Amino acid sequence: MTQIPELDVDPYAPENLLNPYPMHELMRETGPLVKLKNYPVYACARHQEVQHVLSDYENFISSAGVGLTNFNLETPFRPKSLILEADPPQHTQMRTILSRILSPRAVAQIRESFAAVAEEMVDRCVEKGDIDGIHDLAQPYPLKVFPDAVGLDDEGRENLLLYGDMVFNSMGPRNELLAKSTERMIPVTQWIMDHCGRDMLRPGGFGDQIYQAADAGEIDVKQAAMLVRSFLSAGVDTTINGLGNALFSLAHHPEQFAKLHADPAKARSAFEESLRYESTAQTFFRTTNKTCDVAGHVIPENTKVLCMLASANRDPRKWENPEKFDIERRASGHMAFGTGIHGCVGQVVARIEGELVLSAIARKVKRIEVTGQHTRRLNNTLRALDTLPLRFVPA
Ligand code: OVM
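Here we summarise the structure given alongside this text. What you see is a predicted model; the values in this text were computed from it and never measured. Residue positions are counted from 1 within each chain, in the order its sequence is given. The model is predicted, so local features are restricted to residues of pLDDT at least 70 and side-chain atom pairs to those at 80 or more, both for listing and for counting; the totals for chains, interfaces and linings are taken over all residues. The side-chain numbers reported here are obtained from all heavy atoms of the structure, hydrogens and water having been left aside.

## Quick word on helix H7 (residues 140-150)
Here is step 1: Three exposure classes are used, based on accessible area relative to the maximum for each residue type with a 1.4 Å probe and protein chains only: buried under 20%, partly exposed in between, and exposed over 50%. Helix and strand assignments follow DSSP, with helices taken as H or I runs no shorter than four residues and strands as E runs no shorter than two, numbered in order from the N terminus. By the criterion of burial, H7 is predominantly enclosed, with eight of the 11 residues buried.
Here is step 2: Listing the buried residues of H7 in full gives Tyr141, Pro142, Leu143, Val145, Phe146, Pro147, Ala149 and Val150.
Here is step 3: Two residues or fewer after H7 comes glycine 151, characterised by a positive phi angle close to 105 degrees.

## Let's talk about the side chain of asparagine 379
Here is step 1: With respect to the secondary-structure elements, asparagine 379 resides in the loop between strand E11 (375-378) and strand E12 (383-387).
Here is step 2: Residue classification places asparagine 379 among the buried positions, given a relative accessible area of 2%.
Here is step 3: Under the rule applied, a polar contact is a pair of N or O atoms within 3.5 Å (in protein, one hydrogen donor and one hydrogen acceptor; residues adjacent in sequence only if both atoms are side-chain atoms). There is a polar contact of 3.0 Å between the side chain of asparagine 379 and the side chain of aspartate 165.
Here is step 4: The contact rule is simple, with two residues in contact once any of their heavy atoms fall within 4.5 Å. With sequence-adjacent residues up to four places away left out, asparagine 379 is seen in contact with Leu17, Asp165, Phe168, Asn169 and Leu177.

## Things to note about the layout of surface pockets
Here is step 1: Computed over the protein atoms alone on a 1 Å grid, cavities are sets of points where a 1.4 Å probe fits but cannot get out and pockets are open sets with protein on both sides within 12 Å along at least five of seven lines; a residue lines them when it has an atom within 4 Å of a point. Grid points are joined across faces, edges and corners, and a volume is the space filled by probe spheres set on the points. Estimates place the volume of the largest pocket at around 270 Å³.
Here is step 2: Looking at the largest pocket, it is lined by 17 residues, and the ones nearest its centre are Gln139, Leu161, Leu162, Asp165 and Arg377.
Here is step 3: Looking at which element gives the most residues to the lining of the largest pocket, the answer is helix H8 (residues 158-169), with four residues.
Here is step 4: When residue character is reported, Ala, Val, Leu, Ile, Met, Phe, Trp, Tyr, Cys and Pro are called nonpolar, Asp, Glu, Lys and Arg charged, and the others, Gly included, polar. Tallied by class, residues from the lining of the largest pocket come to six nonpolar, four polar and seven charged.
Here is step 5: When its volume is computed, the second largest pocket comes out at roughly 200 Å³.
Here is step 6: In terms of lining, the second largest pocket is formed by Tyr39, Pro40, Val41, Leu68, Thr69, Asn70, Leu73, Glu74, Arg174, Asn302, Thr303 and Lys304.
Here is step 7: Here the residues of the lining of the second largest pocket are counted per class, giving five nonpolar, four polar and three charged.

## Some words on the packing of aromatic side chains
Here is step 1: Geometry of aromatic contacts follows a simple scheme: Phe, Tyr and Trp rings, the Trp one being its six-membered ring, pair when their centres are within 6.5 Å, and the pair is stacked under 30 degrees between planes, edge-to-face over 60, tilted otherwise. Evaluated as defined, the whole model comprises four aromatic pairs.
Here is step 2: Ring geometry for tyrosine 277 and phenylalanine 325: centres 5.3 Å apart, planes at 50 degrees, overall tilted. Highlighted residues: tyrosine 277 in helix H15 (residues 267-277) and phenylalanine 325 in the loop between helix H16 (309-312) and helix H17 (347-364), separated in sequence by 48 residues.
Here is step 3: On the basis of relative accessibility, which here comes to 10%, the residue tyrosine 277 falls in the buried class.
Here is step 4: Aromatic ring contacts, followed pair by pair, group Phe146, Phe206 and Phe231 into a single cluster.
Here is step 5: The rule for a charge over a ring is simple: NZ of Lys or CZ of Arg within 6 Å of the ring centre, and within 35 degrees of the ring normal. Above the plane of the ring of tryptophan 319 lies arginine 276, whose end atom (NZ or CZ) is 5.4 Å from the centre.

## Brief notes about empty space enclosed by the protein
The probe, sized like a water molecule, is rolled over the atoms to show the empty space still left.
Here is step 1: Taken as a whole, this structure holds four cavities of 30 Å³ or more when the rule is applied.
Here is step 2: Size it by volume and the largest cavity reaches roughly 810 Å³.
Here is step 3: Lining the largest cavity are 43 residues, with Ala234, Thr238, Cys344, Val345 and Gly346 sitting closest to its centre.
Here is step 4: Grouping the amino acids of the lining of the largest cavity by side-chain chemistry returns 24 nonpolar, 15 polar and four charged.

## Quick look at the site of the ligand
Here is step 1: The local shell around the ligand consists of Arg78, Ser81, Ile83, Leu84, Val167, Phe168, Met171, Ser230, Ser233, Ala234 and Phe284.
Here is step 2: Arginine 78 is positioned such that a nitrogen or oxygen atom in its side chain is 2.8 Å from an oxygen atom of the ligand.
Here is step 3: The contact in question runs from an oxygen atom of the ligand to an N or O atom on the side chain of serine 230, over 2.6 Å.
Here is step 4: For accessible areas, the Shrake-Rupley method is used with a probe of radius 1.4 Å. Any residue's cover is judged against the shown protein chains and nothing else. Contact with the protein chains removes 85% of the 300 Å² of surface that the ligand exposes when unbound.
Here is step 5: A molecule is said to be in a cavity or pocket once over half of its atoms fall within 2 Å of that pocket's grid points. More than half of the atoms of the ligand fall within 2 Å of the grid points belonging to the largest cavity.
Here is step 6: Listed by contribution, the elements that provide at least two residues to the shell around the ligand are H8 and helix H12 (221-234).
Here is step 7: Of the residues that constitute the shell around the ligand, the class distribution is seven nonpolar, three polar and one charged. If even one non-hydrogen atom of a residue comes within 4 Å of a molecule or strand, that residue is called near it.

Any functional reading would require information beyond the geometric quantities listed.
Okay, structure coming up:
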């Protein structure tokens, strides 16, 4: 058995958050499993090992947290999520409820209303012509449709943005980024917890449906509130940046946008490819609950393993020309939603949001021009844009 190579890279250094791809390549080419010098963690950056670790939920557990912090050793940043930071059988019970609420059949019911908002917002962008892709589209769209579907009121939704930033920063080290996003932690957390109550949720919405599971005796009302918190944590910042990254990729690959414009039915596969190419959730951790083997290397018990999802999505062992953004490729098998029992439970919703917005753009916009320098919002987990100046040339 060969020694595990140790790498002196910091995945949370600003230069790596700004442009993670050179670091991904270094990690992948160093070996199937590497040790990080600056953190007490092992890391895998190739598709095969990421898939292995995420699939083996018995050896690589989530209940010790899916960020850098080991909850066996340190206090969680907030009360643990009942689904994200849990293992079977507790996880299974919660997952069953959320997958029912977010099932393809249930999501088909909201598709029409999501489509109407997409058409209207893209129309407004086309009228304006010169837009900020994030502030005029990628952000307002999910911030309207998803909380509407959950059943929240319109007031105070900016708290969802602040909370998402905080939750995803909390999965990294306690660095400057986390300190900044926790400045407003107390009022934002209060707002979130207040809005997880049944009285804040429109009857029939996703949130109310969680309380219906409580009525049926599947969970208690405290657990119901915590599951609403999961929707509010995971459902907004992720899709905002999924859309933002898709706009970014299409704007920077005009020949690919031309293919989408020529055939708007490619919207779904274009969104899938953009998830592969610029993965919103860059990383998740697991924790070994016994001595484990990955690619012939031994990982000790109670050790954090960093899964580089975005790197797996550009692993040349898995993908042909991984650096090419190609909306016609088969991007299925990407790790942007994770995989296994913790694979994104909201992926059906995320995909219709992406498809509907890209489909509206494909039909209404002839060309997307980049009109200025984009800026990034650095986050310990998310690949996020702050601004994206674009021109939508009408069809
Ligand atoms: C949750 C949660 C929070 C952030 C992300 C996530 C990607 C889930 O609170 O359950 O899934």
